[in-house]
Every structure is written in C-alpha cells, then in structure tokens.
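# Architecture at a glance
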Amino acid sequence: MLIKALCDFYDVLAAEGKVIEKGFSAVPIQYAVSLSPEGRITGITDIRRERTVTDKKGKVKTEYEPVMCRFPFREKSTSIKAYRIDHRGKYIFGLSYDPDTNTLSVTDKLANDKFKEKNLEFIEGMDEPLVNAFRNFLTDFVPEDETENPLILSLGKNLKDAGFYFIQDGFAGKPLQEADCIVQKIRSENAAEESSDDDEICAVSGKRGKIAQLHNNVKGILGQKAGTFVCVNSTAGESYGKTKAYTSNISEESMSKYTEAFNYLTSHTDPNTQKFTNKAYIDSMTVIFFAADKNSEKEDAFLRFFAFDDSINADKLEPQIQSVMAHIQKGDALDINEIVTDGSADYYVAGLVPNSSRVCMKFCYRDSFGKILENVLRHQRDISMGSGDKPVTVSQLTAELVSPVSKEQAPPPLISALMDSIFLGRRYPDSLLAAVINRVKTDSDTEDKPYRKINSRRVGIIKACLNRNYKEEFTVALDENRKDKAYLCGRLFAVLEKIQRDAQGDLNSTIKDSYFAAACSKPSVVFPRLMMLAQNHLKKLDSDYYNYLMGEIINLMEGNFPSALSIEEQGAFIIGYYQQFFLKKKAAEGSDK
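Described below are features of the structure shown in this document. (Residues numbered from 1 in each chain as written. Predicted model: local features only at pLDDT ≥ 70, side-chain atom pairs only at ≥ 80, totals over all residues. Heavy atoms only, no water.)

Take the environment of Pro404 next. In this structure, Pro404 sits in the loop between α11 (394–399) and α12 (412–424). Each C-alpha atom, one on Pro404 and one on Arg439, is 9.3 Å from the other, the two residues being 35 residues apart in sequence. (Helix = DSSP H or I, 4+ residues; strand = E, 2+ residues; numbered from the N terminus.)

Strands sit in the order β3-β2-β9 across an open sheet of 3 strands; the sheet is mixed. The open sheet has two edge strands with one neighbour each: β3 (41–46) and β9 (164–168). Shown here is a sheet whose adjacent strand axes are inclined to one another by a mean of 25 degrees, direction ignored. Sheet topology places strand β2 (residues 31–35) next to β9; 5 bridges connect them, and they run parallel. Within β9, the position partnered with Ser34 by the bridge is Ile167. Sheet strands in contact with helix α4 (residues 129–140) are β2, β3 and β9, and its direction is about 120 degrees off that of β9. (Pairing = 2+ DSSP bridges. Axes fitted to C-alpha atoms, helices over the stretch in contact; angles between N-to-C directions. Contact = heavy atoms within 4.5 Å.)

Where helix α15 (residues 485–504) contacts helix α18 (residues 545–557), the two axes come as close as 10 Å, and the packing angle between them is 165 degrees. In terms of orientation, α15 lies roughly antiparallel with respect to α18. Where α15 crosses over α18, the two elements pack in a sense that is left-handed. Here Lys485, Leu488, Cys489, Arg491, Leu492, Val495, Leu496, Lys498, Ile499 and Asp502 of α15 come into contact with α18, specifically with Tyr546, Leu549, Met550, Glu552, Ile553, Ile554, Leu556 and Met557. (Parallel < 35°, antiparallel > 145°, perpendicular 65-115°, else oblique. Left-handed = near helix turned anticlockwise from the far one by under 90°.)

With that settled, consider the nonpolar core. The biggest cluster of nonpolar side chains holds 94 residues, and the ones touching the most others in it are Phe306, Phe308, Val349, Met419, Phe423 and Leu496. Broken down by element, the residue count for this core peaks at 11 residues, all from α15. Counting 47 residues, the second-largest nonpolar core is a separate cluster that includes Ile29, Leu35, Leu95 and Val183. (Core = buried A, V, L, I, M, F, W, Y, C linked by side-chain atoms within 4.5 Å. Buried < 20%, exposed > 50% of the residue type's maximum accessible area, 1.4 Å probe, protein only.)

The next subject is the packing of aromatic side chains. Summed over all chains, the structure comprises 32 aromatic pairs. Considering the side-chain rings of Phe308 and Phe423, the 6.1 Å spacing of their centres and the 20 degrees angle between planes classify their relative orientation as stacked. Of this pair, Phe308 sits in helix α8 (residues 297–308) while Phe423 sits in helix α12, and the two are 115 residues apart along the sequence. Note on Phe308: relative accessible area 10%, which makes it buried. By relative accessible area, Phe423 is classed as buried at 1%. Taking the centre distance of 5.5 Å and the plane angle of 75 degrees together, the rings of Phe516 and Phe573 count as edge-to-face. Of this pair, Phe516 sits in helix α16 (residues 511–521) while Phe573 sits in helix α19 (residues 567–581), placing them 57 residues apart in sequence. An aromatic cluster of at least three residues, connected via ring pairs, comprises Tyr451, Phe493, Phe516, Phe527, Phe561, Phe573, Tyr577, Tyr578, Phe581 and Phe582. If you follow Lys279 out to its NZ or CZ, it ends over the ring of Phe276, 3.9 Å from the centre. (Phe/Tyr/Trp six-rings, centres within 6.5 Å; stacked < 30°, edge-to-face > 60°. Lys NZ or Arg CZ within 6 Å of the ring centre and 35° of its normal.)

Turning our eyes to something else, we now look at the packing of α16 against α19. Where α16 meets α19, the closest approach of the two axes is 9 Å, and the angle between their N-to-C directions is 135 degrees. For the element pair α16 / α19, the angle class is oblique. Both α16 and α19 take part in a crossing whose hand is right-handed. Counted together, Lys512, Phe516, Ala519, Cys520 and Ser521 of α16 and Gln570, Phe573, Ile574 and Tyr577 of α19 form the full contact between these two elements. Residues of the contact of α16 with α19, tallied by class, amount to 6 nonpolar, 2 polar and 1 charged. (Nonpolar A, V, L, I, M, F, W, Y, C, P; charged D, E, K, R; others polar.)

So, about unusual backbone geometry. Backbone geometry places Asn102, a non-glycine residue, at a positive phi of 55 degrees. For Asn102, the position within the fold is in the loop between β7 (95–98) and β8 (103–106). The phi dihedral of Lys471 falls on the positive side, at around 55 degrees, and the residue is not glycine. Its location among the elements puts Lys471 in the loop between α14 (456–470) and α15.

So, on to the sheet that holds strand β12 (residues 279–282). The strand order β12-β13-β14-β15 describes an open sheet built from 4 strands, whose pairing is antiparallel. Looking at strand neighbours, the two that pair on one side only are β12 and β15 (358–368), the edges of this open sheet. For this sheet the average axis-to-axis angle between neighbouring strands, irrespective of direction, equals 20 degrees. Judged from the 6 bridges that link them, strand β13 (residues 285–291) and strand β14 (residues 346–355) form a sheet pairing that is antiparallel. Counterpart to Ile288 in the pairing with β14 is Ala350. Packing of helix α1 (residues 2–15) onto the sheet brings it into contact with β13, β14 and β15, and relative to β13 it is tilted by some 50 degrees. Here α8 sits on the sheet in contact with β12, β13 and β14, set at roughly 145 degrees to β13.

What follows covers a nonpolar patch on the surface. Residues Leu222, Phe276 and Tyr281 make up a contiguous nonpolar surface patch of about 230 Å² in total accessible area. Among the secondary structure elements, Tyr281 is positioned in strand β12. When its relative accessible area of 35% is taken as the criterion, Tyr281 is described as partly exposed. (Patch = residues over 30% accessible without salt bridge, like charges linked within 9 Å, V, L, I, M, F, W, Y side chains within 5 Å. Areas by Shrake-Rupley, 256 points an atom, 1.4 Å probe, with all protein chains shown as cover. Salt bridge = Lys/Arg side-chain N within 4 Å of Asp/Glu carboxyl O.)

Glancing now at α1. Taking 1.5 Å per residue as the helical rise, α1 with its 14 residues ought to reach 20 Å, and the 20 Å between its terminal C-alpha atoms agrees with that figure. Turning to α1, its buried residues number three or more, namely Leu2, Ile3, Ala5, Leu6, Cys7, Phe9, Tyr10, Val12 and Leu13. Once α1 finishes, Gly17 follows within two positions and takes phi at roughly 70 degrees, a positive value. (Expected span 1.5 Å × (residues − 1).)

This part takes up the environment of Ile221. With respect to the helices and strands, Ile221 occurs in the loop between β11 (208–209) and α7 (252–267). As a C-alpha pair, Ile221 and Thr266 span 45 residues in sequence and 7.4 Å in three-dimensional space. Aside from chain neighbours lying at most four places away, what touches Ile221 is Phe262, Thr286, Leu352, Val353, Pro354 and Val359.

With respect to the helices and strands, the residue Ser36 is situated in the loop between β2 and β3. Residues in contact with Ser36, not counting those within four places in the same chain, are Thr42, Ala133 and Asp169.

Time to look at the side chain of Arg458. Along the chain, the position of Arg458 falls in helix α14. With a relative accessible area of 1%, Arg458 lands in the buried category. Excluding its chain neighbours within four sequence positions, the residues that come into contact with Arg458 are Glu400, Val402, Pro404, Val436, Arg439, Val440, Asp443, Arg452 and Lys453.

In short, shape yes, function no, at least from these values alone.
Below, the structure is given as structure tokens:
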C-alpha cells in the first residue's frame, strides 16, 4: 500500500519538477575537479554550502552540506561496478588516504580500471571541449603516478566518502554530467528501451518491466543511515523459484519512483523555517505524511500543527485555526468543513523504525484527509483541559509516559497503539491509562518544575481514556454536581492541600508529596489522618470558606471513604484533584499545569 502511494506521489512531484527525471539520479557532491584540455587536474574546489545551525544546547555551529546534482542513473550494487560519469573518489582516482602517514597509496586499481573502461565506452563519439578533456583524463591518468599529487592529497580523509564532478578549467560552462551530449544520450537510451522476454508484470504498476534485483536505499529514518524496504537475505524468503528481491516483483521503474519519493519526503524542508514539511519524529520512530495524488502543502501544515510540531505559530496558519483551538479548549464539537475546503484527498500517515539493514513499518494509515484530520481533532478535544493555545503533540504525550529524570522512551507498541487511537479514532490502549497514572503516583515535583507530577497533559490523557474507553463524561471544567466518590476524594485532597499551603506559606513539600499515591489507591486509610491534620491548619486561618467547601464535598460522599480504588477510579481521583486545585489558578498561571 505505501509503495504504491509513494509511486503515485512521485508522479505528482515529477509533474511539478521536484524530482529527478527517469534515467537520472540525485547525487550529493562536495568537490569540483577542474580539468585542462589535456586532461590534467588543475584544481579541486570545495563546493559545499555553509550554514549556521543551533544545537539543542543553544550552541551555534557551522555545518557544510553537499550540493545535490543530477547524474546518470545509479544502480545499487554490492560488487565493483563503475557508473557512467562516476562521482566516487575510489573509482576516479584509485587512491586511498592514510591519515597516520599523510600519504596516498594505490588500493583501488581495479575500480579505477572499471571506471575508465565504462566511461570511455560511454563517451565514444562525443565531441565537446569538456568531454574531450575528460577523455584525455581517462586515457592519461595513472594512479601509481599520482600518489604525491598535492591536490588529491589535500583532500585528506574526505577522499574516501566525498562526491566529485568534473568542470572545465576556469569553471567555464556546465559540469560534465550536464553536458548536452551526455544528457541527450541518457534520454535517448531511456526512450529506446523496449520490453524484453525477461520482463514481468510489476506488482505495483501492473505494467511489464524489468524486475529490480536490488532496491535503492531510503534515507532520513532516525537511527539508520540508510536502509531498504525490500531485502531478502536468506532462502527462507524465496518462493516459486524466485530469489532475493525478485520475490517482490517490483519493476526497476517503480522501485526508482518509490525510493525517490520517500527520500524527498524525509529530506524536504520549508525554506523559511528549515523544518521538515512531511516528516516528524516520535521518540525513536520516524513518521511521514503526505497526499498521494496532489500537492498537499496546506493539509501537511494542518497535520503538523495538530499532531507533530509544537513550534508552529498558529498565527501564521489559516485564520480559522484560532477558532478551532477555542472549540477544542471548550470541548465543543467541530465541523471539519469549516477547516478544510477539500477533505477528499487520499492521505497517508506511516510510522517507521530501523531494523538492521531493512526498514520496519509499524503502522500505515490511508483515508481521506478530512477523516484523518477529524480523528486528530477529536483526539485533541478529548485530551484538552482548557489550557494552552496550541495542540498537544504526540511527542509531548509520550514524554509524559516515562520518568522525566531518565533517558527512557515510551515502548514502541504503546506508541503504535496510541497512533491508532489518534488517527483511526479507536479506543485508547489500556496500558496508556496505567502508564500515566503510574507516573503521577511515582514522579515528584521540583523547584524548577513545580507541576511535573500532575499537569494538564497527564490529566488530559486520563480524561480522554476514561471518556472514550469507559463512556465517562468528564468535562474540561470542575463538575460540582458529580457524585462518584473517587472524583470527590480527589477534590477533597486538593482542598486539604490548599489549606496546608495557606496556613504554612511556602513549603518544600506538601501532603501531595507524602500522601498522594496512598490517598489515590486507598482513601479510607489516608483521609482520616489528613482530616485531623487539616483541623490544626484551619485554626491558623481566619476563614470559614474551607470548612464550607470540605463539608460540601463530604456531604456528597455521604461521609464514607472508599477502601480501595480501581485504576479507572484512580484516574477519576486525579481529574478531581486537578480541577479543584487549579480552579482559580489556571488562567493566570499558564498552560504547563
């Protein structure tokens, strides 16, 4: 499903001129090698682009990016195989650099010989100044005579992995790979390709074509430099006499399309913000999202704002976003037609994680954009506690499920199940409620993070789980008419803590630090003691307000504290505590509670 969608997306990109045409590949290049008419190297120039970036610690540093250039198509190969107009140093020069001795040695003579043979055959009959200089280079360059070449030696350790292209001495005209005669020959070869008896029906396009034996790498996945979607390394994956990637029955054309489209999605950034437009990270998972059959910049921006990117400024999006956020904070229903004018686009959201040399897909959702966005907005409404002017991203939610003082990440199965709830509108995983309640009972507040233990995100998760999974009707605001004892116990605990704070002023720790977990689990054991402590605090306060409030809550409970609370009731306890404690403080103290 995803590979077919990526092929369709490639056609959209190709129509807009955003991907390389058939028969060519995009190759990262770091250096330009200038040639004299006689084929001698006259210079090697660094053409990387310099950019300034700020790391997570706020430190500014300079990075150098290669320039992406169009070259004749590169086939993936595990053996020594030269390309037409090769860009790799080991093939062009046949030399390796030793950093310990700062010397060059001939270690890739076979690769250099293959390079010369392949390219002399390819440029036969061509007559352009740069092509003629390149021909002379192929004929006269001898690796054994170039071990002390200062220009090659100056590359140092970059010689191994850098990409190169050839340019005429003085940088006049186009690079070699863009020479008119070379481009025209590639296009003519592609146009002249005919079906052969070996061609088979492609499982993706339904057209006859040569089946790909090896699939190109896909890049941009967190924790993996490069990987493949299709890779068969053992006989267990073979069937019907087909081996390796032939078992997938994907043509080379479709393979080239889907890999090119995927690499575009994982690398394309907004030129203004330098942020990825179609990719997001959730812990160790990489998520891509796109419409397969149209340019979807507006839809992509909406999804990033409502699910993935907490740095997007809502003021810079469509005007109706502010209205949508107001509905979410109040818990009101939303009409999706007020947000998108065309929600029928076939939209995809996929989550991927690295797995050895292959890529593992954890989920892939396909639906109309309107339906996907409707489910996402329903999720935002479910978890909203009426604070903040931005949605809560998936990464912010998963961060609440692990200890803030450890480097742990939420379990991938839990993230996948949570994504099902968000994008498909399914019930929230049962482990989600247990995980967040455990964090509330275990974590502690600190001086710099006074609302780490109980905050709007954690309480929002609990509310969403109880309302969606157990058909409860917890509201955003305090419900003074609600009579279930777990909720009332949470309210009462908040009142008792307020009494302690008002009576004793600023405290390093309160009853929340000492008794919250126990009160949340076994109210009948803890509350009698807390009520006695509160009487001592009330003597210092010249007010009947708290006596009245406690009496009102205890009357609703009919004077009985539950002996033990289930996991769902513990969630209700936490909601009651949060809504009572921040009843008057929410608006003034911000959205991080």
